[in-house]
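# A structural walkthrough
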Amino acid sequence: MTKEKISGSEALMRSLEHQGVKTIFGYPGGSIMPVYDALYDHLGKLNHILVRHEQGAAHAAEGFARVSGEVGVCLVTSGPGATNTVTGIADAMIDSTPIVVIAGQVGVSALGTDAFQEVDWVGLTQPISKWSYMIRDANDIAQAVARAFYIAKSGRPGPVVLDFPKSAQTQMIEYEPAEAKYIRSYDPVPDTDMASVEQAVELINNAKRPFMLVGQGVELGNAHQELLDFIEKADIPCGTTMLGLSALPYNHPLNKGMLGMHGNIGPNVNTNKCDVLIAVGMRFSDRVTGYLPNYAKQAKIIHFDIDPVEINKNVKVDVAVLGDCKETLRVVCEKLKPAKHEKWSDSFTTYEKLEYDKVINNELHPKTETLSYGEVVHAVAEATKHEGILVTDVGQNQLTSARYFHLLNKRSMVTSGGLGTMGFGLPAAIGATFGAPDRTVCLFVGDGGIQMTIEELGTIMEHKCPVKVIILNNHFLGNVRQWQELFFNRRYSFTHMMNPDYMKIAEAYGIPAQRVMKRENLADAVNQMLTTDGPFILEAVVTEEENVLPMTPPGSAISEIMLETE
């Protein structure tokens with residue numbers, strides 16, 4: 001009995017469905033047209049979101065993956081369609097976001113001829129992806145897709161690229177679904193050395209001033225409960241990275257705030273006072289460590305991570321506990337002695353009061369006539385009861401919302417951390433609405449970042465994506481301006497911006513909108529935004545030359561913190 005023969009394009013659709021895919025972000029073109037033709041017959045099972053630019057497809061896939069815990073998928077054509085996703089792929093790589101990017105390619109016989117819209121897609125993306133592979137033969141489709149999803153979501157997650165020549169898309173084959181649970185030479189979860197576990201246990205049990213750094217790895221490993229069990233048993237205060245902000249509820253008594261350049265004073269100062277520093281699922285980014293030669297030199301350092309590459313890459317550690325943190329935290333926790341470190345934990349209170357008096361109070365209750373970043377963010381956070389998903393662009397909008405939105409629930413922080421991609425916010429927020437359709441998605445974006453991917457308002461318009469867009473408009477590229485003020489003698493070189501009328505733009509896209517300039521109108525504007533079904537744009541006109549504080553200046557130790565600029 002002969003088996004049914006189908007095209008490579010149809011095989012791709014069935015392979016995606018076999019992986020449980022329901023949502024695809026994409027943009028059609030010549031070299032991917034057979035796939036889109038096959039997609040036409042699968043629209044009941046596969047929901048395709050037509051973006052307005054391929055970069056938007058990649059970022060939307062990232063936003064989807066971050067909040068859902070699933071693999072984000074985007075589908076684009078060859079040449080410029082493929083290269084437009086490069087920023088999103090690089091962003092996903094450094095922030096460990098599982099996405100699969102499928103790009104069309106010229107036929108195999110035309111490879112290397114500089115054919116129309118040909119680019120060496122595999123060569124271009126190998127350095128910025130976990131795996132990049134060209135499917136030359138349609139018989140390889142099922143296995144390639146299975147491997148792509150396995151690699152993207154296993155171990156330390158990340159982006160995978162599939163290059164799909166047109167000849168393979170039209171080739172007729174007999175299709176069988178495939179599974180991938182093991183790949184030779186790929187070891188996604190390293191074995192945990194029990195000797196390291198014992199060393200970590202001994203250090204923590206004998207610690208007088210233990211401090212834990214909580215990274216996004218806790219979220220990626222779904223180790224939220226294991227983290228709570230660990231810190232509560234050993235009474236260990238914590239600081240979170242920006243990407244790890246929602247790994248631990250903001251109001252947990254052991255959560256002492258955000259780490260890093262614009263983080264809270266207590267976690268940063270006490271990093272350089274603790275006797276045992278425990279890092280979980282974080283990579284010791286320069287934005288967290290500050291000047292490395294002065295970073296936590298007094299402490300014994302334990303590093304829990306799934307990726308051996310991160311061990312001793314930036315910070316020399318005393319003990320490395322390799323493996324999935326959901327398992328390694330549990331194993332170490334079982335061996336810990338219950339402890340109390342009340343005096344040490346209370347030492348953070350002094351810094352909290354100092355920060356409130358010097359920074360937070362002024363930010364939330366400014367004496368200026370114009371609105372501040374912080375009071376706008378705080379107003380939205382309070383109105384959502386801190387249960388919304390926070391999506392940010394990059395810059396002062398990102399830093400302020402990270403400081404003041406305060407997250408209660410897991411998988412609630414979507415931002416571009418390692419790459420710092422302006423333009424990330426709007427398409428990522430679109431993706432988040434599809435990844436978590438029952439939650440409120442709040443995007444904070446600057447007047448600079450919104451214009452980098454503003455065309456995605458068309459995607460919001462067409463699909464009625466319920467993104468609550470808060471534009472913090474200060475007519476500056478705010479973060480660069482802040483550095484120019486502090487470190488370049490106020491020489492504001494090309495950071496002041498002439499902006500369009502965002503209310504007219506919103507009207508053109510049919511999106512409800514309101515501009516708020518006065519403090520007395522803020523609460524009503526936020527309420528209108530949150531009670532309006534579907535998308536909404538709230539433009540908040542804020543102080544032009546406001547700085548985000550505290551700040552650790554570049555080249556300084558993380559404990560050398562600037563609280564004022566005058």
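The present account deals with the structure reproduced in this document.

Thresholds, definitions, all that
- Residues numbered from 1 in each chain as written.
- Predicted model: local features only at pLDDT ≥ 70, side-chain atom pairs only at ≥ 80, totals over all residues.
- Heavy atoms only, no water.
- Helix = DSSP H or I, 4+ residues; strand = E, 2+ residues; numbered from the N terminus.
- Rg over C-alpha atoms; globule rule 2.2 N^0.38 Å.
- Buried < 20%, exposed > 50% of the residue type's maximum accessible area, 1.4 Å probe, protein only.
- Contact = heavy atoms within 4.5 Å.
- Areas by Shrake-Rupley, 256 points an atom, 1.4 Å probe, with all protein chains shown as cover.
- Lys, Arg positive; Asp, Glu negative; His and termini not counted.
- Charge placed at Lys NZ, Arg CZ, Asp CG, Glu CD.
- Core = buried A, V, L, I, M, F, W, Y, C linked by side-chain atoms within 4.5 Å.
- Phe/Tyr/Trp six-rings, centres within 6.5 Å; stacked < 30°, edge-to-face > 60°.
- Lys NZ or Arg CZ within 6 Å of the ring centre and 35° of its normal.
- Disulfide = S-S within 2.5 Å.
- Axes fitted to C-alpha atoms, helices over the stretch in contact; angles between N-to-C directions.
- Parallel < 35°, antiparallel > 145°, perpendicular 65-115°, else oblique.
- Left-handed = near helix turned anticlockwise from the far one by under 90°.
- Pairing = 2+ DSSP bridges.

This paragraph deals with the overall build of the chain. When you go through the chain residue by residue, the secondary structure sums to 22 helices and 20 strands. In summary, the chain has a C-alpha radius of gyration of 24 Å against a globular reference of 24 Å for 566 residues, a match within 12%. For the C-alpha atoms alone, the extent of the chain along its principal axes is close to 75 × 65 × 40 Å. Counting every position in the chain, which comprises 566 residues, the buried fraction comes to 59%. Sequence separation of at least 24 residues holds for 76% of the intrachain contacts in the chain that already meet a minimum separation of 6. Approximately 22900 Å² of the chain is accessible, and the part contributed by carbon and sulfur atoms is 51%. Positive and negative charge centroids in the chain, built from 49 and 67 side chains respectively, lie 4 Å apart.

Here the focus is the nonpolar core. Counting residues in hydrophobic clusters, the biggest one holds 41 residues, and the most contacted among them are Val 376, Val 380, Phe 405, Phe 444, Ile 470 and Leu 472. The greatest single-element share of this core, amounting to five residues, is contributed by helix α16 (residues 373-383). When neighbours within four sequence positions are excluded, Val 380 is seen to be in contact with Phe 405, Cys 442, Phe 444, Ile 470, Val 526 and Met 529. Counting 40 residues, the second largest nonpolar core, distinct from the first, contains Tyr 36, Ala 38, Ile 102 and Ala 138.

By the definition in use, this model includes 11 aromatic pairs. Measuring from centroid to centroid gives 6.0 Å for Phe 25 and Phe 434, while their planes differ by 75°, and the two rings are edge-to-face. Of this pair, Phe 25 sits in strand β2 (residues 23-26) while Phe 434 sits in helix α18 (residues 425-435), placing them 409 residues apart in sequence. Their ring planes at 75° and their centres at 5.5 Å tell us that Trp 483 and Phe 487 sit as a pair that is edge-to-face. Of the two residues, Trp 483 and Phe 487 both sit in helix α20 (residues 478-487), four residues apart, roughly one turn of that helix. On the accessibility criterion, Trp 483 (22% relative accessible area) is partly exposed. Pairwise contacts between aromatic rings join Phe 25, Phe 64 and Phe 434 into one cluster. Above the plane of the ring of Phe 476 lies Arg 481, whose end atom (NZ or CZ) is 5.9 Å from the centre.

Moving on, we come to the state of the cysteines. Scanning the entire structure with this criterion turns up zero disulfides. A disulfide-free cysteine, Cys 333 has its sulfur positioned 12 Å from the sulfur of Cys 238, the nearest such atom.

On to the packing of α16 against helix α17 (residues 396-404). Two numbers describe a pair of packed helices, the interaxial angle and the distance between the axes. In the contact formed by α16 and α17, the axes pass within 9 Å of each other and the chain directions differ by 50°. Comparing the axis directions of α16 and α17 gives the class oblique. Seen from above, α16 lies across α17 with right-handed handedness. Taken together, the residues of α17 that come into contact with α16 (itself represented by Tyr 373, Gly 374, Val 377, His 378 and Ala 381) are Gln 396, Thr 400, Ser 401 and Tyr 404.

This part covers unusual backbone geometry. Across the chain, the bulk of peptide bonds are trans and the bulk of non-glycine residues have phi less than zero. Put simply, Leu 549 and Pro 550 share a cis peptide bond, and its omega is -5°. Here Pro 550 shows up in the segment after β20 (536-541). The phi torsion at Ser 96 lies on the positive side, around 55°, for a residue other than glycine. By secondary structure assignment, the location of Ser 96 is in the loop between α5 (86-94) and β5 (99-105). For Arg 490, which is not glycine, the phi torsion reads 55° and is therefore positive. One can find Arg 490 in the loop between α20 and α21 (502-508). Under the relative-accessibility criterion, Arg 490 is labelled partly exposed at 42%.

What follows is about the side chain of Thr 384. In this structure, Thr 384 sits in the loop between α16 and β15 (389-392). Thr 384 sits in the buried class, given a relative accessible area of 12%.

Strand pairing in a sheet is mediated by backbone hydrogen bonds. Such pairs are either parallel or antiparallel. Overall, parallel pairing links the six strands, which are arranged β11-β10-β9-β12-β13-β14 in an open sheet. Of all the strands in the sheet, the pair left with one neighbour each is β11 (255-258) and β14 (319-322). Averaged over all neighbouring strand pairs, the angle between strand axes comes to 20°, with direction disregarded. Pairing analysis gives five bridges linking strand β9 (residues 210-214) to strand β12 (residues 276-280), with the strands arranged parallel. For Val 214, the partnering residue across the bridge sits in β12 and is Val 280. Here helix α9 (residues 194-205) sits on the sheet and contacts β12, β13 (300-305) and β14; the angle it forms with β14, its principal contact strand, is near 125°. Where helix α11 (residues 224-234) meets the sheet, its contacts fall on β9, β10 (238-240) and β13, and the angle it forms with β9 comes to roughly 165°.

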